[in-house]
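# Observations on chain architecture
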Number of protein chains: 2
Amino acid sequence: MTTLKDIAKEAGVSTATVSQVLNDKENPFISQATKEGILQAAERLHYIPNRVARDLARGSTMVLGVIIPRAADLFFPEVVEGIEEAASTKGYDIVLSYSAGNFQKERKHIQLLLERKVDGLLVAPLENNQNIPIFRELLERKFPFVFIDRYLPEVKTDFVVSDLKDGACEAVSYLIRLGRTKIVHITKDSNISTVRDVLEGYKMALMKNGLKINQELVKAVNSEISSNSYEAGYNGMKKLLEKRVDFTAVFCIDDNLAVGALKTLKEAKLKVPQDISVVGMDNLAVSSYLTSPLTSVAQNKIQMGKLASEILIKRIENPENKKKQIFLKTNLILRESTNEKEI
Amino acid sequence: MTTLKDIAKEAGVSTATVSQVLNDKENPFISQATKEGILQAAERLHYIPNRVARDLARGSTMVLGVIIPRAADLFFPEVVEGIEEAASTKGYDIVLSYSAGNFQKERKHIQLLLERKVDGLLVAPLENNQNIPIFRELLERKFPFVFIDRYLPEVKTDFVVSDLKDGACEAVSYLIRLGRTKIVHITKDSNISTVRDVLEGYKMALMKNGLKINQELVKAVNSEISSNSYEAGYNGMKKLLEKRVDFTAVFCIDDNLAVGALKTLKEAKLKVPQDISVVGMDNLAVSSYLTSPLTSVAQNKIQMGKLASEILIKRIENPENKKKQIFLKTNLILRESTNEKEI
DNA sequence: TTGAAAGCGCTAACAG
DNA sequence: CTGTTAGCGCTTTCAA
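Residues numbered from 1 in each chain as written. Chains lettered and ligands numbered in written order. Predicted model: local features only at pLDDT ≥ 70, side-chain atom pairs only at ≥ 80, totals over all residues. Heavy atoms only, no water.

### Some thoughts on the sheet that holds strand E4 (residues 145-148) of chain A
All names here are of chain A. On the basis of which strands lie adjacent, the open sheet formed by six strands has the order E2-E1-E3-E4-E5-E11 and parallel pairing. Two strands bound the open sheet, and with one partner strand each, they are strand E2 (93-98) and strand E11 (325-328). Direction aside, the axes of adjacent strands within the sheet are offset by 15 degrees on average. As paired elements, strand E3 (residues 120-123) and E4 share three bridges and run parallel to each other. The partner of Leu122 across the bridge, within E4, is Val146. In the packing of helix H7 (residues 132-140) onto the sheet, the strands contacted are E3 and E4, and the crossing angle to E4 comes to about 140 degrees. (Pairing = 2+ DSSP bridges. Helix = DSSP H or I, 4+ residues; strand = E, 2+ residues; numbered from the N terminus. Axes fitted to C-alpha atoms, helices over the stretch in contact; angles between N-to-C directions. Contact = heavy atoms within 4.5 Å.)

### Examining the interface of chain A and chain B
Listed as interface residues are 45 residues of chain A and, on the opposing side, 45 residues of chain B. Taken together, chain A and chain B are joined by two salt bridges. On the surface where chain A and chain B come into contact, there are 10 residue pairs in polar contact (both at pLDDT 80 or more). Its residues placed into classes, the side of chain A that touches chain B shows 23 nonpolar, nine polar and 13 charged. (Salt bridge = Lys/Arg side-chain N within 4 Å of Asp/Glu carboxyl O. Polar contact = N/O pair within 3.5 Å; in protein donor to acceptor, adjacent residues only side chain to side chain. Nonpolar A, V, L, I, M, F, W, Y, C, P; charged D, E, K, R; others polar.)

### Focus on unusual backbone geometry
Cis peptide bonds are those with omega within 30 degrees of zero, and the linkage from Val272 of chain A to Pro273 of chain A qualifies with 10 degrees. Along the polypeptide, Pro273 of chain A turns up in the loop between helix H11 (255-267) and strand E9 (277-282). The phi dihedral of Met62 of chain A falls on the positive side, at around 55 degrees, and the residue is not glycine. Among the structural elements, Met62 of chain A can be located in the loop between helix H4 (51-58) and strand E1 (63-68). If you check the backbone angles, His46 of chain B has positive phi at about 55 degrees while not being a glycine. Among the structural elements, His46 of chain B can be located in the loop between helix H3 (32-44) and helix H4 (51-58).

### Topic: the pattern of salt bridges
All names here are of chain B. Tallied over the entire structure, the rule returns 32 salt bridges over all chains. Residues Arg315 and Asp158 are paired through a salt bridge, measuring 2.5 Å at the closest nitrogen-oxygen approach. Residue Arg315 is found in helix H12 (residues 301-317), and its partner Asp158 is found in strand E5 (residues 158-162); the two are separated by 157 residues along the sequence. A residue is classified by how much of its surface remains accessible, and Asp158, at 0% relative accessible area, is buried. Here Asp254 ties to Lys188 by a salt bridge, and the two come within 3.3 Å at their closest N and O atoms. With Asp254 in the loop between strand E8 (249-252) and helix H11 (255-267) and Lys188 in strand E6 (residues 183-188), the pair connects residues that are 66 residues apart, well separated along the chain. With a relative accessible area of 7%, Asp254 lands in the buried category. Here Lys188 falls in the partly exposed class, since its relative accessible area comes to 21%. (Buried < 20%, exposed > 50% of the residue type's maximum accessible area, 1.4 Å probe, protein only.)

### A word on the packing of aromatic side chains
Under the criterion given, the structure shown has 18 aromatic pairs over all chains. A ring pair is formed by Tyr151 of chain A and Phe159 of chain A, whose centres lie 4.5 Å apart and whose planes are at 10 degrees; its orientation type is stacked. Their ring planes at 80 degrees and their centres at 5.2 Å tell us that Phe135 of chain B and Phe147 of chain B sit as a pair that is edge-to-face. Taken together, the residues span a long stretch of sequence, with Phe135 of chain B in helix H7 (residues 132-140) and Phe147 of chain B in strand E4 (residues 145-148) at a distance of 12 residues. One exposure class covers both Phe135 of chain B and Phe147 of chain B, and it is buried. Put simply, the rings of Phe135, Phe145 and Phe147 of chain A touch in pairs and so form one group of aromatic residues. It is Lys263 of chain A that lies over the ring of Tyr289 of chain B; its NZ or CZ is 5.7 Å from the centre. (Phe/Tyr/Trp six-rings, centres within 6.5 Å; stacked < 30°, edge-to-face > 60°. Lys NZ or Arg CZ within 6 Å of the ring centre and 35° of its normal.)

This is the structure we're talking about:
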């Protein structure tokens, strides 16, 4: 293993000079000759800088930790893309961890990332409240962290989420304008902010339009991380049909549930959108390639990641900034699953 | 920030003793009393160990670096799950990076992970050859790394991949048994091992069954990472129809392409499976929830990750082991997109 | 049973 | 313009 010392010896200078040159410092006016000598020596000896040593000496890692609930997913990774993009332009690397729907893992990863001395944390917290004390402790210690996609009202930190209340309200209002007033809402049995906000938006749209809220129309399916969303949507819809619930539209909290629901409807020989209109949320890429391309509430995932990253970095650089809580506008994408012309 | 020294002072012992206790060493018979004193002091002072310092002192990080082509994907993350599972049981953490279809990023991430002093690397290499010298250098320096999902024949290292040749051959043979002899193969314009192996399997099945290989039936679509696979499959199939290519079955190199192809077929009013049988590879969760549930060649992704992880760790512990090159059996899952009864 | 001390590789004053 | 030096926080041998 070549170290700075080796290069210093090889180039006949001190390690300090080598360090300066290799880090491309501005001020020190080191002669072009020694500079080149050092660079060449480094090249010749196949030098690989040791970040572990550098980080220890500097007392900072220039790394952001990111914790999201799952890997095999089409939503969060896109947010992470945005995070990475913004982070790297500011010179930060990111380290990714998965809480896998398990609050012990969430805690473990927070702990690990702190031990690794990341400069800040981006977290999509689990629906499980159990780590609230942990987050509060971070807050007290003024350790910078930002929530993404969902927030915990009990933890007053920065966050960047979609304005799902508004998005849901828009989607449901659109269904009502199509004349579909008996709207099922397929959601998850969870109390995370996204679920609450969407439900609120759904109710708000009904109320605004003078419609009653019928609890029978709200179907909450299993939201465990390990569960298959498609299957959950499929089974949820099946139960509604078995109960002979009367409805003309379905509003799902995510596109995956909607895919499952569509399958049940098809098996029941119900036509989409002629008999039933269907709307999802997330606007996943696959949604437009379904047999009934899915109308969906699009979220700007890349933007969410970018903003969150930027806010975190600002907080790292200036811990006393005012907390920022951002709700990003969504965008209703119309496709055949609600196409009014085909009714 | 509390350090070992603070705890030592608080507990009235030396840092060496604190280190021993906190690392739960076996041998040193430290008195129960001092042990507890130390543990309590650590607790009281909210001690968080500094891994950066520990790693530097130890000269090893117990971290495996993982590089996969993309995040927003349903294949690789599952492999990563397997990797993580096996790694964590051996006490290793993993750090995940994405090459994003860009060989410069691939190189940059290899470099970064080396600087971070990971103990080994798991890589799904890009189709781009440009980093072969880098991998060869790793090989020369005896730095442990294992390829996953795909391999570079030019780089003689360990790898764990699916036996796609065999899997493809089985799938195509099955189509032939169904009486579908004019089989289109939708694949990618890439020379990565997976693409080559599947094509070979396709050809092998045709030859075994005395059928001619018709280049007109092999359609290679854009494989750029940034491209939308669904769209690529959709457009690829469209071109085949426009050219009036005569076929009765479609064998796609992945399920995403198959979803796009299914959409084109539907728009052309071709019935699946009555007119055209369709087979994909990967067996993604969504495949069974499509309007025409997709027959697919399943790969054991979790197992792939686990095995790769285990092999890497063995190599780290024993660099001189013989290289292992593993081809995992695949599994043909039959669904309606080829259901013979409906023909 | 425990402590002193050297050192992991690099950085950053400060001195010259 | 360049070198000396004192750490960063932790581990680990060796001695007591």
